[in-house]
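Spelled out, the chains give:
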Amino acid sequence: MSTAFLTHPDCLAHVTPPGPPERVARLEAILRRLDTPEFDGLLRVEAPLADLAQVARCHPRAYIDKIRAAVPAQGFAVLDADTHLSPGSFTAALRAVGANLKAVDMVLGGEAANAFAAVRPPGHHAETEVAMGFCLFGNVSIAARYALDHHGLARVAIMDFDVHHGNGTQDLLWDEPRVLFASTHQMPLYPGTGAAEERGAHGNVLNVPLPPMSGGARFRAEMERQVLPALDAFRPELVLISAGFDAHAADPLAQLQWHEADFAWATERLCDIADAHAGGKVVSTLEGGYDLDALAESAAAHVQVLMERGS
Ligand SMILES: [Zn+2]
């Protein structure tokens, strides 16, 4: 068995204007870094387009239609201060969802041990009817619902270690008792949600805010103290990861001061949870990360662990 690596050139056709840090060069940096001999063992898969019916697992049709209608024929459309559309954005967003669904199919179907979807736009800030924070559709939430309702799983865990709170995932799955959504994130920071008191309608949300400059040691301690015991008790049949790498010390958007080894450590621990309860099944998807070198190296460290654990 191997690690599936899902991406698509269409994800490079979601172009953003100069300024916002979520840009084509991010994915290019990851693709370059993973196009090296140490990653020859990856099972490389072209991400399919998601059907709109799949996106509608988490978003109303009217919202999906609104996003599609807002896509400009040329130039850029502005959804909010961070979130822009170019002519290729809707297709890219459907590839991002499609990569996650295909990854779930492959991992649950035994075609791959685990998977990483290198896609953009990211998804964890997209709320039910609000595009924000560079995100259009809730990629990881749609994957969770798909695993539950299409594949018939009973429990899916999502771990979000992006430096920003996954407000969108929390919104989309707030009332979903079959999902445990756990998030570590810097607070205070955009988008402002993610207090420990926000627990979901069924106690199915676990928010672990971390103070600026708290470093990888604090992250690991809170993972050991709060997140990993909760995931273990939940006994997920699939572990999804919202893998943002913007907690890195070099990242310009935040101050958590983590390093590549912290992302690798977290990946190991999440694979431990998956090994204990889910036959090792892990599907990870790219969220943030805005220093190109730190992003590429952190993603490489993450994928290396997936490959070691999946072999
Ligand atoms: Zn982020």
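Placed above this text is the structure.
Residues numbered from 1 in each chain as written. Predicted model: local features only at pLDDT ≥ 70, side-chain atom pairs only at ≥ 80, totals over all residues. Heavy atoms only, no water.

Moving on: the pattern of salt bridges. With the rule as written, the count across this model stands at 16 salt bridges. In this structure, a network of salt bridges that share partners links the residues Glu268, Arg269, Asp272, Asp275 and Arg309. (Salt bridge = Lys/Arg side-chain N within 4 Å of Asp/Glu carboxyl O.)

With that settled, consider the coordination of the zinc ion. Binding of the zinc ion to the protein goes through Asp162 (OD), Asp162 (OD), His164 (ND1) and Asp246 (OD), at separations of 2.0 to 2.8 Å. Coordination at the zinc ion comes from four donor atoms whose angles at the metal span 52 to 155 degrees, giving a geometry best classed as irregular. On the primary sequence, the residues serving as donors to the zinc ion are separated as D-x1-H-x81-D. In this pair, Asp162 is assigned in the loop between β6 (156–160) and α6 (167–173) and Asp246 in the loop between β9 (238–243) and α8 (260–277), connecting sequence segments 84 residues apart. Relative accessible area serves as the criterion here: at 1%, Asp162 is assigned to the buried category. On the basis of relative accessibility, which here comes to 0%, the residue Asp246 falls in the buried class. (Donors = N, O, S within 2.8 Å, 3.2 Å for Na, K, Ca; no water. Tetrahedral: all angles 85-135°; square planar, octahedral: opposite > 155°, others 65-115°. Helix = DSSP H or I, 4+ residues; strand = E, 2+ residues; numbered from the N terminus. Buried < 20%, exposed > 50% of the residue type's maximum accessible area, 1.4 Å probe, protein only.)

In terms of nonpolar packing, the biggest core is built from 98 residues, with Phe137, Phe161, Leu238 and Leu240 touching the most fellow members. Broken down by element, the residue count for this core peaks at 11 residues, all from helix α4 (residues 89–108). (Core = buried A, V, L, I, M, F, W, Y, C linked by side-chain atoms within 4.5 Å.)

This part covers the side chain of Thr7. Relative to the elements of secondary structure, Thr7 occurs in strand β1 (residues 3–7). The exposure class of Thr7 is buried, given its relative accessible area of 14%. Those residues in contact with Thr7 that lie beyond four places of it in its chain are Leu27, Leu31, Val45, Glu46, Ala47 and Ala118. (Contact = heavy atoms within 4.5 Å.)

To find leftover empty space, a probe the size of one water molecule is rolled over the atoms. Inspection of the entire model under this criterion finds one cavity of 30 Å³ or more. As a volume, the largest cavity reaches approximately 50 Å³. Every residue along the wall of the largest cavity is listed here: His14, Thr16, Pro20, Glu22, Asp82, Thr83, His84, Phe134 and Leu136. Class assignment of the residues belonging to the lining of the largest cavity gives a composition of three nonpolar, four polar and two charged. (1 Å grid on protein atoms, 1.4 Å probe; cavity = no way out; pocket = protein on both sides within 12 Å on 5 of 7 lines; lining within 4 Å. Points joined across faces, edges and corners; volume = space filled by probe spheres on them. Nonpolar A, V, L, I, M, F, W, Y, C, P; charged D, E, K, R; others polar.)

The terminal C-alpha atoms of α8 lie 26 Å apart, and with 18 residues this matches the ideal 26 Å at 1.5 Å per residue to within 8%. Within the span of α8, buried status applies to Asp262, Phe263, Ala264, Trp265, Ala266, Thr267, Leu270, Cys271, Ile273 and Ala274. Residues of α8 that are buried sit in contact with β6, α7 (215–234), β9, β10 (282–286) and α9 (292–310). Looking one or two places after α8, you find Gly279, whose phi comes out positive at around 60 degrees. (Expected span 1.5 Å × (residues − 1).)

Side chains on a regular strand alternate between the two faces of the sheet. Of all five residues in β1, five are buried; the element is thus mostly enclosed. For β1 and strand β5 (residues 114–117), the ladder comprises four bridges, and the chain directions are parallel. Its bridge partner being in β5, Phe5 is matched across the sheet by Phe116. Sheet topology note: the β1/strand β2 (residues 43–46) ladder contains four bridges and is parallel. Looking at the pairing, Phe5 lines up with Arg44 of β2. Note on the crossover from β1 through helix α1 (residues 24–34) to β2: the handedness is right-handed. (Pairing = 2+ DSSP bridges. Right-handed = clockwise from strand over helix to strand, strands pointing away.)

Here the focus is the state of the cysteines. Here the structure, examined in full by the defined rule, presents zero disulfides. Here Cys135 stays unpaired: no disulfide links it, and the sulfur of Cys11, its closest cysteine neighbor, is 13 Å away. Under the relative-accessibility criterion, Cys135 is labelled buried at 0%. (Disulfide = S-S within 2.5 Å.)

Below, the discussion takes up the environment of Asn139. Within the secondary structure layout, Asn139 lies in helix α5 (residues 139–149). Between the alpha carbons of Asn139 and Ala247 there is a distance of 20 Å; along the sequence they are 108 residues apart.

To continue, consider helix α3 (residues 61–70). Among the residues of α3, those classed as buried are Tyr63, Ile64 and Ile67. Seen from one end, α3 has its buried residues packed into an arc of 100 degrees, which puts them on one side. Projecting away from the buried face of α3 at angles above 90 degrees are the exposed residues Ala62, Lys66 and Ala69. Buried residues along α3 sit against α2 (52–55), β4 (84–85) and α4. (Arc of directions from axis to C-beta.)

This next bit is on the side chain of Arg33. Note on placement: Arg33 falls in helix α1. Overall, the relative accessible area of 18% leaves Arg33 in the buried class. A polar side-chain atom of Arg33 sits 2.9 Å from a polar atom in the side chain of Glu297. Other than its neighbours up to four places away in sequence, Arg33 contacts Glu38, Phe39, Ala296, Glu297, Ala300 and Gln304. (Polar contact = N/O pair within 3.5 Å; in protein donor to acceptor, adjacent residues only side chain to side chain.)

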